[in-house]
Each structure stands twice: as C-alpha cells, then as structure tokens.
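# Structural description and commentary
Listed below, chain by chain, are the residues.
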Amino acid sequence: MTGDSPSDPFRAALGFGMLPGCLGHAVVRNPWFEPARVSLRMTSWCCQCVDDIQTGPWDEEAAPYSLLEPEWRVWRSLPHASARRQWMRGRVAAKDAVRLLLLDRYSIMAPLETVGVLPDLQGRPRVTCAALPKTSAWISVSISHCGNSSVALATEQTGTGHGVGIDVASLTDNHEGLAEGGFCPAETALLEECPEPDRPHWLLRLWCAKEAVAKALGVGLKGNPMNYRVLRVDRPGGTVEIQVADTLELADPSRIQESVTAHVGCDRGMAFAVAWVE
Amino acid sequence: MKWPFHESHDRTPETALHLAMDAIAQVSGNAWGTVESPIPPQAFLGADLGLSSLAVARLAGILNQHGGTKPLPFHKLFVSPEGSLRHDVRVSDLAAFLEQHRNTPRL
C-alpha cells in the first residue's frame with residue numbers, strides 16, 4: 001500500500017484528475033487510502049469521485065468516453081438527471097479503484113473505458129475487463145454514495161459468491177430518527193456505552209457497518225435493518241461485529257460463523273465501514 | 001420538530017398521507033431526488049425521491065416516534081401482499097401502511 005502523497009506513482013501513472021470529456025467541470029477523482037488501509041488482510045483499493053453540485057451535466061459529456069455500451073444503456077434508463085449523475089459518479093469511482101488494483105497486482109494499465117461495472121440480477125456491481133488475467137481470483141467491488149461524493153472499494157477475492165462491502169455516511173447531515181429506525185433496543189444500549197461526544201459518529205459507524213456487511217453478502221438490507229444486528233463494538237480496535245439473520249438467503253451460508261466483522265472509521269467528513277466475506 | 005399530527009387520533013387515508021409526506025420531507029434533505037411539493041403519492045421513495053436506505057431508516061424512526069404506543073412493524077412495509085420482497089415502495093404504500101398500523105399516538 002502506498003502513501004497518500006501527491007507524488008504517488010500510482011496516481012501519476014493513471015493520470016487521475018480530468019475526466020475524459022469533462023473539460024471545465026469540477027469533478028475530482030482520487031484514491032482514498034483510509035478504508036483500504038483498515039482491510040489489511042487483502043489487497044484492496046478505494047477511490048472517491050466528487051462533483052461540484054453547481055456544475056453542469058458533466059455525466060452526459062463523460063458518458064461516451066467512460067462507459068461501455070451496456071453501462072451506457074443502464075445509465076440512460078435512469079429516470080432522473082440527479083440519479084444518472086450519482087450512478088456515473090459511482091461508476092467512475094469503481095473503475096478507478098479497479099484500475100488501481102489491476103496496476104498494483106498485475107501491472108496492467110487499464111483505461112477507464114475498458115473496465116465495466118454492471119449490476120447483476122441482485123443489483124450487485126460486477127466487474128468486467130478484457131485485460132483481466134486468467135486466474136482463479138476475481139475482483140469484487142462495492143460502491144457507496146454520500147451527498148455529491150461516491151466511493152468504491154475494489155479487492156481481489158478467491159471465495160465463492162460473497163465479496164466486499166463499503167458504506168459511507170456524512171458526519172454533518174441531519175440523522176434524526178436513525179437510532180430509533182435503524183437499531184433495536186439492544187443495539188442502542190451498545191451505542192449508549194460510547195462516550196457522549198463521540199456517540200453521533202458511532203451511530204453512523206454502526207449504521208455503515210450494517211450496510212457494509214449487507215453489501216459484502218450481496219443481499220442488501222432486504223428492507224429491514226434488523227436483519228443485521230450489532231453484537232459487539234470494539235471502539236479502540238475500530239471494529240463492529242454484525243450478526244446476520246438466518247432467514248436471509250445467502251450464496252454460501254457456511255462462510256458465516258456467529259458474525260461478520262466490519263472495520264469502521266471516520267475520514268474526509270464521512271463515517272465509513274468496510275466488510276468482506278470470503 | 002413540529003409535528004402537526006402529534007396528538008391526532010385520526011386514522012383517515014388523508015391523515016396517513018399527510019403523515020407520510022411530512023416525514024418524507026424531513027428526511028429528504030440529503031437526497032438527490034426532486035421532491036415536489038406536494039409529494040406525488042405515486043412517487044417511489046428510492047427511484048423517484050432518491051431516499052437512501054439510511055433515509056428510509058430515519059423515516060421509520062421519525063414515524064415511530066410519533067406513530068403511537070407500539071413500534072410500527074416497518075419490515076412489513078417492504079413485503080408485498082403476495083409475500084415477496086419489494087425493493088422500493090411508493091409514498092401511497094407508506095400512507096396505506098400507516099393507515100393500517102398506526103395506533104394510539106403517544107402523548
């Protein structure tokens with residue numbers, strides 16, 4: 001893993017900055033090291049894509065240069081301009097994360113438009129790339145949105161059906177009602193053990209932990225956050241243990257023991273959580 | 001927070017729709033969707049209003065705080081009458097859910 005420095009050779013090699021076709025629009029792309037750093041068990045790369053809310057329809061200008069045709073069809077089918085822009089931001093972040101991973105692991109320089117990130121039948125992003133080496137490993141990617149920022153985490157994985165999950169939430173937005181609507185009384189009791197000044201941030205970390213585990217398992221929250229229950233919180237270690245309801249239909253339930261660990265933190269004005277299931 | 005129906009025992013469809021719309025307006029501040037006023041009853045919470053799962057959880061929390069003496073069974077909102085999971089629901093579905101499950105408000 002390299003440091004977060006302007007002279008980073010990966011960033012220089014990939015020419016992060018101007019998005020093709022986006023001349024004059026404020027779209028900023030860069031690696032985000034903190035979420036990747038907490039998951040030291042494997043090689044993973046995280047990237048962020050932020051746009052200026054006042055900027056014009058940059059996604060329409062970037063689409064021909066950044067999307068594969070199947071992606072372009074999905075993007076065009078979205079009914080609202082703001083939804084299309086969010087979707088495009090997420091694709092750009094995901095493609096950048098995959099490109100960094102390919103460069104890091106295989107020394108492959110993959111242009112943005114050669115990496116495809118398309119939803120599967122469950123809505124989970126799947127990576128396609130003609131340059132992907134023929135190995136038993138596959139690339140798992142997860143995307144999350146927060147305001148005008150999208151982030152994506154990509155990792156190489158050898159397991160069976162599950163993968164990686166990331167979730168982010170703004171530290172400054174209003175989150176009234178989240179403790180009551182997203183957590184059961186046993187979970188809020190764990191939250192109340194956190195020191196008062198840090199409690200709002202821990203509330204978001206715990207929420208992100210649920211979402212990250214749900215994404216890693218590839219099944220989502222299924223409309224009920226109580227399907228994912230916070231069992232333990234290790235504040236010094238920055239981990240949260242999440243118990244998964246046995247009613248969920250998982251690709252490989254044998255991979256889940258008592259709980260799944262999510263690594264949590266706060267950085268760049270956001271709470272984040274990262275989880276993976278082999 | 002102002003809550004116009006805080007002490008209302010009214011369970012009419014109109015009241016339930018107002019409850020839903022008022023709560024949606026409170027949680028939609030961070031969403032990307034264009035929240036029209038009034039919010040169209042046929043709009044989907046996710047696809048049209050841009051509510052994230054975090055926003056929907058907040059919605060559940062806010063409605064629970066004012067919904068009555070017992071917690072609302074929000075997990076049922078995303079289950080269709082046939083028993084299958086719904087990935088998105090309309091504002092009118094939420095209103096119908098409130099009309100069905102809302103009980104005596106907490107005072």
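Residues numbered from 1 in each chain as written. Chains lettered and ligands numbered in written order. Predicted model: local features only at pLDDT ≥ 70, side-chain atom pairs only at ≥ 80, totals over all residues.

### Regarding the overall build of chain B
As a reminder, the rule being used: Put simply, DSSP marks the helices as runs of H or I at least four residues long and the strands as runs of E at least two long, and each gets a number from the N terminus on. To sort residues by burial, count the other C-beta atoms lying within 10 Å of each one's C-beta; a count of 20 or more means buried, 12 or fewer means exposed, and anything in between means partly exposed. C-beta atoms are built from the backbone. Here, residue contact means that the backbone-derived C-beta atoms of the two residues sit within 7 Å.
Secondary structure summary: chain B contains three helices and zero strands in total. Reading chain B from its N terminus to its C terminus gives the helix and strand order α-α-α. Buried residues in chain B amount to 34% of all 107 residues. When contacts within chain B are restricted to residue pairs at least 6 apart in sequence, those whose partners lie at least 24 apart make up 65%.

### Here's the deal with the overall build of chain A
Along chain A, the regular secondary structure elements total eight helices and 11 strands. Expressed as a percentage of the 278 residues in chain A, the buried residues total 42%. Counting only contacts in chain A whose residues sit at least 6 apart along the sequence, the fraction spanning at least 24 positions is 64%.

### Considerations on the sheet that holds strand S11 (residues 270-276) of chain A
Residues and elements named next belong to chain A. The cut-off we apply is this: DSSP calls a pair of strands paired once it identifies at least 2 bridges connecting them. Simply put, an axis is a line fit to the C-alpha atoms, just over the touching stretch for a helix, and the angle between two N-to-C directions goes from 0 to 180 degrees.
Spatial strand order, S7-S11-S10-S9-S8: five strands in an open sheet with antiparallel pairing. Among the strands making up the open sheet, the edge pair consists of strand S7 (164-170) and strand S8 (228-234). The sheet shows a mean angle of 25 degrees between the axes of neighbouring strands, taken without regard to direction. Sheet topology note: the strand S10 (residues 260-267)/S11 ladder contains six bridges and is antiparallel. Residue valine 264 lies in a different strand from S11, and its bridge partner there is alanine 273.

### So, the packing of helix H1 (residues 13-27) of chain B against helix H3 (residues 91-101) of chain B
All names here are of chain B. As a reminder, the rule being used: Put simply, angles under 35 degrees are roughly parallel, angles over 145 are roughly antiparallel, angles from 65 to 115 are roughly perpendicular, and the rest are oblique. Working rule for handedness: look at the near helix, and if it is turned counterclockwise from the far one by less than a right angle, call the crossing left-handed; if clockwise, right-handed.
Between H1 and H3, the shortest axis-to-axis distance is 8 Å and the interhelical angle comes to 120 degrees. Considering their axes alone, H1 and H3 lie oblique with respect to each other. Judged by the sense of rotation from one axis to the other, the crossing of H1 with H3 is right-handed. The segment H1 lies against H3, with Pro13, Ala16, Leu17, Leu19, Ala20, Met21 and Ile24 engaging Val91, Leu94, Ala95, Leu98 and Glu99.

### Some thoughts on the nonpolar core
Inside soluble globular proteins, nonpolar side chains tend to come together where they are buried. Residue and element names in this part refer to chain A. Stated formally: By definition, a nonpolar core groups buried Ala, Val, Leu, Ile, Met, Phe, Trp, Tyr and Cys residues that are joined through C-beta atoms within 7 Å. Note that the domain bounds were set by an automatic or database domain assignment.
Within the largest apolar cluster, 97 residues are counted, with the highest numbers of intra-cluster contacts made by Ala97, Val141, Ala152, Cys208, Ala209, Val213 and Ala262. Here this core takes 12 residues from helix H8 (residues 199-217), the largest share from any one element. A domain-level breakdown of this core finds at least three residues from each of domain 1 (9-158) and domain 2 (168-276). Ignoring any residue separated from it by four or fewer positions in sequence, one finds alanine 209 in contact with Val230, Val240, Ile242, Ala262, Val264 and Ala273.

### Brief notes about the interface of chain B and chain A
Which entries qualify depends on this criterion: Each residue is assigned to one class: nonpolar for Ala, Val, Leu, Ile, Met, Phe, Trp, Tyr, Cys and Pro, charged for Asp, Glu, Lys and Arg, and polar for all the others, Gly among them.
With 21 residues of chain B at the contact, the number on the chain A side is 26 residues. Split by residue class, the side of chain B that touches chain A holds 10 nonpolar, 10 polar and one charged.

### Some words on the domain arrangement of chain A
Residue and element names in this part refer to chain A. Annotation of chain A at the domain level lists domain 1 (9-158) and domain 2 (168-276). Summarising the inter-unit geometry, the C-alpha centres of domain 1 and domain 2 are found 24 Å apart. In this complex, domain 1 contributes 14 residues to the contact, which on the side of domain 2 involves 14 residues. Among the secondary structure elements, those contributing two or more residues to the side of domain 1 that touches domain 2 are helix H2 (33-38), strand S5 (138-146) and strand S6 (149-157). Residue composition of the side of domain 1 that touches domain 2, grouped by class: six nonpolar, six polar and two charged.

### As for the confidence of the model for chain B
In plain terms, the rule: A residue's pLDDT is the predictor's confidence in that residue, given on a scale from 0 to 100.
Of all residues in chain B, 76% have pLDDT values of 70 or greater, and the mean over the chain is 80. At the low end of the mean pLDDT range in chain B sits H1(B), at 88; at the high end sits H3(B), at 91.

### A few points about the environment of Thr239(A)
Residues and elements named next belong to chain A. Relative to the helices and strands, threonine 239 resides in strand S9 (residues 239-244). Owing to 18 C-beta atoms within 10 Å, threonine 239 belongs among the partly exposed residues under this scheme. Placed 34 residues apart in sequence, threonine 239 and arginine 205 show a C-alpha to C-alpha distance of 9.4 Å. The contact partners of threonine 239, leaving out residues within four places of it in the chain, are Asp234, Thr261, Ala262, His263 and Val264.

### Focus: the pairing of S11(A)
Residues and elements named next belong to chain A. Counting buried residues along S11, seven of its seven residues qualify, which places the element largely inside the surrounding structure. The alternating pattern of S11 places Met270, Phe272, Val274 and Trp276 on one face and Ala271, Ala273 and Ala275 on the opposite face, and all of these are buried. The pairing of S7 with S11 spans seven bridges and is antiparallel. From the neighbouring strand, valine 168 faces S11, where its bridge partner is phenylalanine 272.

### Let's talk about the packing of helix H3 (residues 58-66) of chain A against helix H5 (residues 81-106) of chain A
Residues and elements named next belong to chain A. Packing of H3 against H5 leaves a shortest axis separation of 10 Å and a crossing angle of 40 degrees. In terms of orientation, H3 and H5 fall into the oblique class. Once H3 is placed against H5, the crossing between them reads as left-handed. Residue-level contacts link Asp59, Ala62, Ala63 and Ser66 of H3 to Arg84, Arg85, Met88, Arg91 and Val92 of H5. Across the contact of H3 with H5, the residue classes break down as four nonpolar, one polar and four charged.

### Let's talk about the confidence of the model for chain A
For chain A, the mean per-residue pLDDT works out to 86, and 87% of the residues sit at or above 70. Scored below 50 in pLDDT, residues 1-7 of chain A makes six contacts in the model with residues more than four places away or belonging to other chains.

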